[in-house]
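The residues making up each chain are set out below.
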Amino acid sequence: MSAATRTEGHAERPPSPGIALPERPLPVNIHLPAARPEDEKASTLQRPTQEQAEDAIRTLLLWAGDDPNREGLLDTPKRVAKAYREWFCGYEEDPVELLARSFEEVEGYDEMVLLRDIRVESMCEHHMCPIIGKAHIAYLPNGRVVGISKLARVVEAFGKRLQIQEKLTAQVANVINDVLKPKGVAVVFEAVHQCMTTRGVHKTGVSMVTSRMLGAFRDDASTRREFLSMIQGSRGAGGEG
Ligand SMILES: Nc1nc2c(ncn2[C@@H]2O[C@H](COP(=O)(O)OP(=O)(O)OP(=O)(O)O)[C@@H](O)[C@H]2O)c(=O)[nH]1
Ligand SMILES: [Zn+2]
């Protein structure tokens, strides 16, 4: 379906005041990092206008079987377009930049740093349904540490995109490893996929667990065990989704 699809009655719609648009303008070109350098060209896309995005949502309202021109739905395209700015704000973030500032005055601290139970809100790229859960991130510093909130920000930056959980897990671990160059990184995600609970197979109480271990966490079983035992008490995706 084209994002620019128009629906009947669009021209007669009254203006819909009252919904403030986000202040920060979106870049017109969408640049997605290419998996391989040869894909670089194909990954630059033109962003539709706000009007085109709202038209696309009107089309989906019709597709759902409702009338986009009834009073309750008049502002919905604008609201949904605004909500997309929140749900997908990760595309505007650079995770490398988030980790750029680190601190070396750590008095030789070289034990594990663990951030447990980081709330995860992502969106499944197959159905555009929420993925809700928790992440646990640990690393073994190699002379420097990062501000601890930055690890949670990295989860946000990759989470607030269209994802599959395996890729999300790998991206978080890889960027910490690449930028901080620690002795090891361990990342575990536990999440409920609403595409499995609210539709399709309709299985509730199921969470998906993914992990990526790098460096010492991959090579040394006792380091990995220590990490796993430290997150043991907080297992579970949080009962949501
Ligand atoms: N591996 C993986 N699969 C996911 C993730 N999120 C959703 N899926 C699955 O992606 C699959 C897409 O399967 P398809 O057969 O193409 O889509 P579908 O017909 O809607 O599948 P059903 O969900 O089984 O109804 C489904 O099995 C989903 O459960 C994820 O993060 N990782
Ligand atoms: Zn899905």
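For the structure given in this document, a descriptive report is provided here. Fair warning: this is a prediction, and the values are worked out from it, not measured in the lab.

Rules of the game
- Residues numbered from 1 in each chain as written.
- Chains lettered and ligands numbered in written order.
- Predicted model: local features only at pLDDT ≥ 70, side-chain atom pairs only at ≥ 80, totals over all residues.
- Heavy atoms only, no water.
- Donors = N, O, S within 2.8 Å, 3.2 Å for Na, K, Ca; no water.
- Helix = DSSP H or I, 4+ residues; strand = E, 2+ residues; numbered from the N terminus.
- Buried < 20%, exposed > 50% of the residue type's maximum accessible area, 1.4 Å probe, protein only.
- Phe/Tyr/Trp six-rings, centres within 6.5 Å; stacked < 30°, edge-to-face > 60°.
- Near = heavy atom within 4 Å.
- Polar contact = N/O pair within 3.5 Å; in protein donor to acceptor, adjacent residues only side chain to side chain.
- Areas by Shrake-Rupley, 256 points an atom, 1.4 Å probe, with all protein chains shown as cover.

At 1.9 to 2.3 Å from the zinc ion (ligand 2) lie its protein donor atoms, namely C124 (SG), H127 (ND1) and C195 (SG). Look at where the donors of the zinc ion (ligand 2) fall in the sequence and you get C-x2-H-x67-C. Linking H127 in the loop between strand 4 (113–124) and strand 5 (130–140) with C195 in helix 6 (residues 194–197), this pair joins segments that are 68 residues apart in sequence. Taking the relative accessible area as the measure of exposure, C195 reaches 11% and is therefore buried.

Okay, the packing of aromatic side chains next. Applying the stated criterion across every chain, the model contains 4 aromatic pairs. Relative to F88, the ring of Y84 lies with its centre 5.1 Å away and its plane at 70°, an arrangement referred to as edge-to-face. Overall, the relative accessible area of 10% leaves F88 in the buried class. Taken together, a centroid distance of 5.8 Å and an interplanar angle of 75° make the contact between F217 and F227 edge-to-face. Here the residue F217 occupies a position in helix 7 (residues 216–219), and F227 occupies one in helix 8 (residues 221–232), the gap between them amounting to 10 residues. The same class applies to F217 as to F227, namely buried. Through a chain of ring-to-ring contacts, the aromatic side chains of Y84, W87, F88 and Y91 assemble into a single cluster.

What follows is about the site of ligand 1. Close to ligand 1 lie C124, H126, H127, I164, Q165, E166, H193, C195, R199, G200 and M208. H127 has a polar side-chain atom sitting 2.6 Å from an oxygen atom of ligand 1. Separating an oxygen atom of ligand 1 from a backbone N or O atom of Q165 is a distance of 2.6 Å. Burial of ligand 1 by the surrounding chains reaches 52%, relative to a free accessible area of 640 Å².

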